[in-house]
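Architecture and fold: a report
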Amino acid sequence: MAKDGSPPELPPAERLVWMLGAAAVNIIWGLHPVFTRWLQLHTRIPTMSLVFVVLLVSFCLNMAASTLSAPAPVASEPKEGQWRVGAGVALVYAARSSTNFLSASYTQAYTVAMIQMLGIFVMAGGSWAVLGEKVPAKMWLALSVSLAGSMMVLFGREASNDGAFTQRDLLGVAIQCTSLLFSTGARLQMRTSEGLFSPMQFMRFQYLGGCCVALMWSWFVVGPEASISPWFNLRIEDWAIFFSLACLVHFVAGTSQVELNRKLGVATYATFQPLRLVGSAAGSAIILGEPVTGMLTWAGLGTVGIAVSAYAVYKQQLKSKVTSPPPPSTSKI
């Protein structure tokens, strides 16, 4: 990491690959509220029971991947502060995952994704305040246009359906706003803990923290019978969505975004977050049967895509100018 808190400079071609990866990961993350809404409304699985099982599967996959990728076990002493920081990582992720799951049960998936768009501002400010990252001026323009596009999607949906937010929708929005604060803290932890944990180790602490909190809540608050019995009534499509949520979203995308935050920087990675709205809108239509309709909605989706693409090109050009060597001097002595 550079002295000013910025991530290490990457060659232009390599940086482009990481940026494309950030786009794909965020589209996959856009399916998170779609999958959680399906499982909570169609199967009646209690939220914290779902959180526990999803994170338990993700933790097992993490351990398996770590075992297969490690050439040989090497005994080493824990780094100073590792367990203390790990406990903080676990607690923040437990709060983040539980509120993130819960919000999708109260309001539509793409409403949850729209609220998540506010995180690009919060995370950009947090990376500047905590990490000292330099934020290019034009990034704020891209973020503003992306947010405007996401708002167009929301208002277009409301206009086409001739509906209004209910108290249940407002509660879902409030829960997702709370989750947004925890999400910001989790992303900053990804960068500040870089010297203590590998991406796999970092995710392991997150999964364990979420599992512990969800297990205690399911056992002592919801009750063992109410938490376990719905799992025996799942259909094939329910299991398919469950494993997509646990394996594709939480494990593959979750592990990838840790490394993406470290390679690109928190502020740059956050610029791709509007693409989650695209994934949520598509998933809502195909999986939940809650299609997004209306010209204003589609115009908003196009605005988000254009803003993110334009910033990606601008950022790449800016990096190329910074890393390219100066031209040889032609002055004569």
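Anything mentioned here points back to the structure above.
In this text, all values refer to a predicted model and were calculated from it rather than measured experimentally.

1. Structural notes on the pattern of salt bridges
Scanning the model with the defined rule gives three salt bridges in all. Among the salt bridges present, the one from arginine 235 reaches glutamate 237, with a minimum N-O distance of 3.5 Å. By relative accessible area, arginine 235 is classed as partly exposed at 39%. Using a relative accessible area of 37% as the deciding quantity, one classes glutamate 237 as partly exposed. What you see here is one network of salt bridges that share partners, running through Arg235, Glu237 and Asp238.

2. Describing the packing of aromatic side chains
A complete count under the given rule lists eight aromatic pairs for this structure. An angle of 70° between the planes, with centres 5.0 Å apart, marks the rings of phenylalanine 242 and phenylalanine 243 as edge-to-face. A relative accessible area of 2% means that phenylalanine 242 is categorised as buried. Its end group placed over the ring of tryptophan 29, arginine 96 keeps NZ or CZ at 5.9 Å from the ring centre.

3. Section: the environment of tyrosine 93
For tyrosine 93, the position within the fold is in helix α4 (residues 82-104). For tyrosine 93 and glycine 210, which are 117 residues apart along the polypeptide, the C-alpha to C-alpha distance reads 6.2 Å. Setting aside chain neighbours within four positions, we find tyrosine 93 in contact with Leu55, Gln206, Tyr207 and His250. Side-chain polar atoms of tyrosine 93 contact the side chain of histidine 250, separated by 3.2 Å.

4. Considering the state of the cysteines
If you walk through the whole model with that rule in mind, you get zero disulfides. Cysteine 211 forms no disulfide, and the closest cysteine sulfur to it belongs to cysteine 212, at a distance of 6.9 Å. By relative accessible area, cysteine 211 is classed as buried at 7%.

5. Some thoughts on helix α2 (residues 32-42)
Of all 11 residues in α2, nine are buried; the element is thus mostly enclosed. Buried residues belonging to α2 abut α1 (12-29), α3 (47-69), α4, α5 (109-116), α11 (236-264) and α13 (275-288).

6. So, a nonpolar patch on the surface
On the surface, a cluster of nonpolar side chains totalling about 730 Å² of accessible area is made up of Val213, Met216, Trp217, Trp219, Phe220, Val221 and Val222. Assignment of secondary structure puts methionine 216 in helix α9 (residues 199-222). For methionine 216, a relative accessible area of 48% gives the class partly exposed.

7. Topic: the side chain of serine 98
For serine 98, the position within the fold is in helix α4. Of note is the side chain of serine 98, whose polar atom sits 2.9 Å from the backbone oxygen of alanine 94.

What counts and what doesn't
- In this convention, every chain numbers its residues from 1, walking through the sequence in written order.
- With the structure being a predicted model, the display of local features is reserved for residues of pLDDT at least 70 and the display and counting of side-chain atom pairs for 80 or more, all residues being used for whole-chain, interface and lining totals.
- Only hydrogens and water are removed before side-chain values are computed, so all heavy atoms of the structure are retained for them.
- Any carboxyl oxygen of Asp or Glu that lies within 4 Å of a side-chain nitrogen of Lys or Arg is treated as forming a salt bridge with it.
- Exposed residues in this analysis have more than 50% of their type's maximum accessible area, buried residues have under 20%, and partly exposed residues fall in between, with area computed by a 1.4 Å probe over protein chains only.
- The aromatic pairing rule takes the rings of Phe, Tyr and Trp, using the six-membered ring of Trp, and pairs them if the centres are within 6.5 Å, calling planes under 30 degrees apart stacked, those over 60 edge-to-face and the rest tilted.
- As a reminder, the over-ring test applies to NZ of lysine and CZ of arginine, requiring each to be within 6 Å of the ring centre and within 35 degrees of the ring normal.
- By definition, any uninterrupted DSSP run of H or I lasting at least four residues is a helix, any uninterrupted run of E lasting at least two residues is a strand, and each is numbered from the N terminus.
- Residue contacts are counted whenever heavy atoms from the two residues lie within 4.5 Å of one another.
- Throughout this description, a polar contact denotes any pair of N or O atoms lying within 3.5 Å of each other; where both atoms belong to protein, one of them has to be capable of donating a hydrogen while the other can accept it, and for residues adjacent in sequence the pair is counted only when both atoms sit in side chains.
- In this description, the term disulfide denotes a pair of cysteine sulfurs within 2.5 Å.
- Without a salt bridge and with relative accessible area above 30%, a residue can belong to a patch; like charges are then joined within 9 Å and nonpolar side chains (Val, Leu, Ile, Met, Phe, Trp, Tyr) within 5 Å.
- Residue exposure ignores everything except the shown protein chains as possible cover, and the areas themselves are Shrake-Rupley values with a 1.4 Å probe.

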